[in-house]
Structures are given as C-alpha cells and as structure tokens.
Amino acid sequence: MTCDLLIKDTIIIPMDGRKPFRGFLAVDDGIITFCDEGECDLEADEEIDGSGYIITPGFLNAHLHGDFYVFKGLLDNMPLREQYHKTNRLYDLMNEDAMVLSRTLAYAEAVRAGATYIVEHSFRNPGERTIEPFRAVGVRGAVTLDISGLESGLTDLLVENGIDVFINAPSEEDFDYSYLKDIAEISDRMGYKVYAHVAETTWRIAICEERFGIGPIELLHKTGILRRKPVLVHACWLSNRDIDLIADNSATIVSTPVSEMKLGDGVTPIPKLLRKGAKVALGTDGALWNNGADILAEAKAMVLVHSLNSTPGAITESNALDALTSMGAEAVGVEGIGKLQKGMNASFVLFNANSPEICPIFISEKISNLESALIMSAGSRAIDSVYVCGRKVMSDGDIILSDTLGLLEEAGNWLMSIGGRIENILKE
Ligand SMILES: [Zn+2]
C-alpha cells in the first residue's frame, strides 16, 4: 500500500474525542488514510519527519468579510452605528477587481493563521470571479448569497468548484416579514443553510422590537428560519428565552470577539450557550472591525473576554480549540473537516513544536499544557505550514500559490488611486 504523504512520529491533536498522541498521519488523494498512535508501514511519495511538529485539524474562520480587508484601519475608534454610513460608502468604491484583490489578501492572512475553511459573508459578489480568491490561496470555504444571487446561476458554479453556499438573511434594520418567510421557504426547498448577523447591538434589537413587537430571535422563530438551523453571527444580546430557542432549534453561533470588543458591541453569552448544548464557531469578521484575519488570535480573545466578563475558565483553551475545529465544523454544518481521523479531509496545521512561543511542552498521563500552548502562547508565527485537502498551501509564512507581496503592492496602489474619494467619505 502506498500514499501521497506520510508524516512520521509527530504529536497529533485529533479533536475526535481521543487525547493528543504521538503517532503517524498518512494522506492519499486529499483524504486521511491513517491517523493513529504508533507506526504506519505505508510507503509514501513524500515523507516528513514530524518529530518537531504538533498537528491540529485546519481551523475554520466562520465569519469574514474579505471585501473590507483593504480598508483596514480607516474607520477605527467608533461604534458600528456611527461608521455604518461610511462603511457602505467605502463598499461602493469597489469594483470586481478590487473585491477579488481584497478577498485574496484576506484569505492569505487567514491561511497564515491556520484557516483551511473560510466563510465569506458577502453582500455583493464579483460574479464568476467569486471563486478566484479561494483558488489563488488554495483554501476551501463558503459564500453567502441572497435570494437573487441564488437564482442567478452562480450557485452551480460555486458548488462545482467546491465552494459551499449559504442563504444570506438581512440584519435587523432590513428585516421584512415576508422576505424572512421567503428565505425560510427557499432554505427548506433548496437545502441551503441560512446565515445572518443577529442581535449584534442593542440599537439593532430596538429597531426589530419597535417594528415587530418582538426581538430578532423570536422573529426568526416566528418566520420559520430558526427551525432551519441557521448560523447566527455575533448574537451578543440574548435573553435566556433566546438561548433556549437557539439551542432547542439547533441553531448555531459564530462569535467574533475581537470585532465585538473593538466596536463595543457586547459579549456573546458563549458559556451559557455551550451549557445549553448550542454549537459555536469563531470568525474574525471583516478587517475594518478586526484589523486582520488571524483566527488563532480570535481563539485567545474568546478565552480572555469571558474570563473578564465572567470568571477565569468560563471558556477554556479546550473550548476555544473545539470552536476552531470540530465544534466549529458542526456549527457551520460542514462535514469531513475539523477532525484528524481516517476518512476525513486532509486539512491540517503543522505547528513548530520547537518555537520559543510553544516551548516547553509538558505532557503527562493526566495533565498537559498542549492546548494552552497553542491557544494562549503560539500565535500564528509558530505555524510552520498549512495543508488543505492534502496540498501544502502555506509554508514558513508564505502563501505558496500567490505572490502576496505583489498583491499588497497592488492594493496599496489602488487605495492611493482613490485616495481623494476615501478622504471625502472619512470627512463626511
Ligand atoms: Zn459581519
């Protein structure tokens, strides 16, 4: 028996219920064919001495607005409501070329931080070119489309290219009762999950309550969306009844703690949601609200914000790693990723076990500092390489398929070319 790749004698964190172990990992045709303790006698086209590595499943960045990556740093120091109009005006400056460029750079940073699956929450899409940024970086993922986008034929092209599709539901300020019911009906009929920002800020909730007499989670329930197990982003302001509705309907949450802290949105009640059995993933949000796309930093932020908001240990490093991998995949509803075991997709991250950020590692029968080392200490600089579907897409910080430096220069030139228009928007 042969395989494409064999990583030998390495520390594996499988995230499938087994404890971390030292063993071998084999890949053939993009799928894991062996992941277990002890040796594996497969012959491989490529063998890697894994003794200096720690391997985890690839991470999900379950909420990213790649279109805003090039505008990072331009709308700092103001809450969402204050910057809302300016954000839309900046978005209006983008043509298809700029969207593809901005998304490619965002995905490149996301992959450098270990993401192997990205959910692009897009309000507009550059048509057939939507697949370009995924291909340019070599990452898997999903795109949100509104109802008109679903009917445009783009869906078939995305699915043919391995990109998953969500139905985009509006935020509270654009809620329309019959439109929400249409979304629920189309989700039922076509089988796509609904994906939406919800309960991010108190002013958005107030808009919903004023117009409909109930909060947004109740409205999603009433319109039939909640029973379709939607993916709900932010959800900072939830009542106990909202949490019960979410958990009882198997709706899921994507938390973006860095953006939520930066905007002063609030703190998503993740400990309560987990206690009720709701699944949680992590996302970085757009770089206007995060100033980057580093999902590993997001995991550390999740631990810290709940320590401050509740008590140390309210969210553990183990919870955070789960949200990045196995539970995150369940939350987004993607099968075949998030765990390292035979038959799963060969998407994984190799951490440099000898990096100063990670060392020293302590593993005994009962205690290990491994998860803490990865979530609280490592940072993306301790990542050696990233594999997606068995293909190495990042090595030593370099995105293998794209010239990131060239793209950054292109982005800088584009920003300078529209500098006057940006200045006018920022002054408004
Ligand atoms: Zn968002």
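Residues numbered from 1 in each chain as written. Predicted model: local features only at pLDDT ≥ 70, side-chain atom pairs only at ≥ 80, totals over all residues.

1. With respect to the overall build of the protein
Along the protein, the regular secondary structure elements total 17 helices and 17 strands. The C-alpha atoms of the protein give 21 Å as radius of gyration, which agrees with the globular expectation for 428 residues (22 Å, within 12%). Considering only C-alpha atoms, the protein reaches an extent of 65 × 50 × 40 Å along its principal axes. Counting every position in the protein, which comprises 428 residues, the buried fraction comes to 50%. Once local pairs closer than 6 in sequence are excluded, the contacts in the protein between residues at least 24 apart make up 73%. (Helix = DSSP H or I, 4+ residues; strand = E, 2+ residues; numbered from the N terminus. Rg over C-alpha atoms; globule rule 2.2 N^0.38 Å. Buried ≥ 20, exposed ≤ 12 C-beta atoms within 10 Å, placed from the backbone. Contact = placed C-beta atoms within 7 Å.)

2. Looking at the sheet that holds strand β7 (residues 115-120)
Strand order in the open sheet formed by eight strands is β6-β7-β8-β9-β10-β11-β12-β13, and the pairing between neighbours is parallel. Looking at strand neighbours, the two that pair on one side only are β6 (59-64) and β13 (280-282), the edges of this open sheet. Taking the axes of each pair of neighbouring strands and ignoring which way they run, one obtains an average angle of 25 degrees across the sheet. In terms of strand pairing, strand β10 (residues 193-198) meets strand β11 (residues 231-234) through four bridges, oriented parallel. (Pairing = 2+ DSSP bridges. Axes fitted to C-alpha atoms, helices over the stretch in contact; angles between N-to-C directions.)

3. Here we look at the domain arrangement of the protein
Looking at the assigned domains, one finds that the protein contains domain 1 (2-57 + 338-396) and domain 2 (62-332). With centres defined by C-alpha atoms, the gap from domain 1 to domain 2 works out at 28 Å. If you look at the interface, domain 1 gives 23 residues, while domain 2 gives 23 residues. Every element with two or more residues in the side of domain 1 that touches domain 2 is listed here: β5 (53-57), α15 (370-378), β15 (383-388) and β16 (391-395). The element best represented in the side of domain 1 that touches domain 2 is α15, accounting for six residues. When its residues are assigned to classes, the side of domain 1 that touches domain 2 shows 13 nonpolar, six polar and four charged. (Domains from an automatic or database assignment. Nonpolar A, V, L, I, M, F, W, Y, C, P; charged D, E, K, R; others polar.)

4. Focus: the environment of Asp 36
Among the secondary structure elements, Asp 36 is positioned in strand β3 (residues 31-37). For Asp 36 and Gly 23, which are 13 residues apart along the polypeptide, the C-alpha to C-alpha distance reads 5.5 Å. If we ignore the near neighbours within four places in the chain, the residues touching Asp 36 are Gly 23 and Phe 24.

5. Considering the nonpolar core
Core analysis: the largest hydrophobic core is formed by 137 residues, its most contacted members being Ile 55 and Val 111. A domain-level breakdown of this core finds at least three residues from each of domain 1 (2-57 + 338-396) and domain 2 (62-332). Residues within four places of Val 111 in sequence aside, it is in contact with Val 137, Val 139, Val 386, Val 393, Met 394 and Ile 399. (Core = buried A, V, L, I, M, F, W, Y, C linked by C-beta atoms within 7 Å.)

6. What to know about the packing of helix α12 (residues 295-309) against helix α13 (residues 317-324)
For the pair α12 and α13, the least separation of the axes is 9 Å and the interaxial angle reads 140 degrees. You can see that α12 and α13 cross each other, and the crossing is right-handed. Between α12, through Ile 295, Ala 299, Met 302 and Val 303, and α13, the contact on the second element is made entirely by Glu 317, Ala 320, Leu 321, Ala 323 and Leu 324. The class makeup of the residues in the contact of α12 with α13 is eight nonpolar, no polar and one charged. (Left-handed = near helix turned anticlockwise from the far one by under 90°.)

7. Section: the packing of α13 against α15
With their axes 9 Å apart at the nearest point, α13 and α15 run at an angle of 70 degrees to one another. In terms of their interaxial angle, α13 and α15 are classed as roughly perpendicular. In this structure, α13 meets α15 at a crossing whose hand is left-handed. From α13, Glu 317, Ser 318, Ala 320 and Leu 321 reach across to α15, where they touch Glu 371, Ser 372, Leu 374, Ile 375 and Met 376. Residue composition of the contact of α13 with α15, by class: five nonpolar, two polar and two charged. (Parallel < 35°, antiparallel > 145°, perpendicular 65-115°, else oblique.)

8. A closer look at the environment of Arg 135
Its place among the elements puts Arg 135 in helix α3 (residues 131-137). You can call Arg 135 partly exposed: it has 15 C-beta atoms within 10 Å. In the structure, Arg 135 is positioned 267 residues away from Ser 402 in sequence and 9.4 Å away in space, judged by C-alpha atoms.

9. Regarding α15
Looking at α15, one finds that the buried residues are Leu 370, Ala 373, Leu 374, Ile 375 and Ala 378. Buried residues along α15 sit in contact with β5, α12, α13 and β14 (348-352).

10. Concerning the pairing of β15
Across four bridges, β14 lies against β15 in antiparallel orientation. Pairing of Leu 350 across the sheet is with Ser 385, part of β15. As defined by bridge partners, β15 adjoins β16 across four bridges and the pair is classed as antiparallel. Pairing of Val 386 across the sheet is with Met 394, part of β16.

11. As for the environment of Ile 400
Turning to its location among the elements, Ile 400 is positioned in the loop between β17 (398-399) and α16 (404-417). Considering only alpha carbons, one finds Ile 400 and Ala 136, 264 residues apart in sequence, at a separation of 9.2 Å. Excluding its chain neighbours within four sequence positions, the residues that come into contact with Ile 400 are Lys 392, Val 393, Met 394 and Ser 395.

12. Remarks on the pairing of β3
Relative to β3, strand β2 (residues 21-28) runs antiparallel, the two sharing six bridges. From the neighbouring strand, Ala 26 faces β3, where its bridge partner is Phe 34. Count of turn residues in the β2/β3 antiparallel hairpin: two residues, of which Asp 29 carries a positive phi of about 55 degrees.

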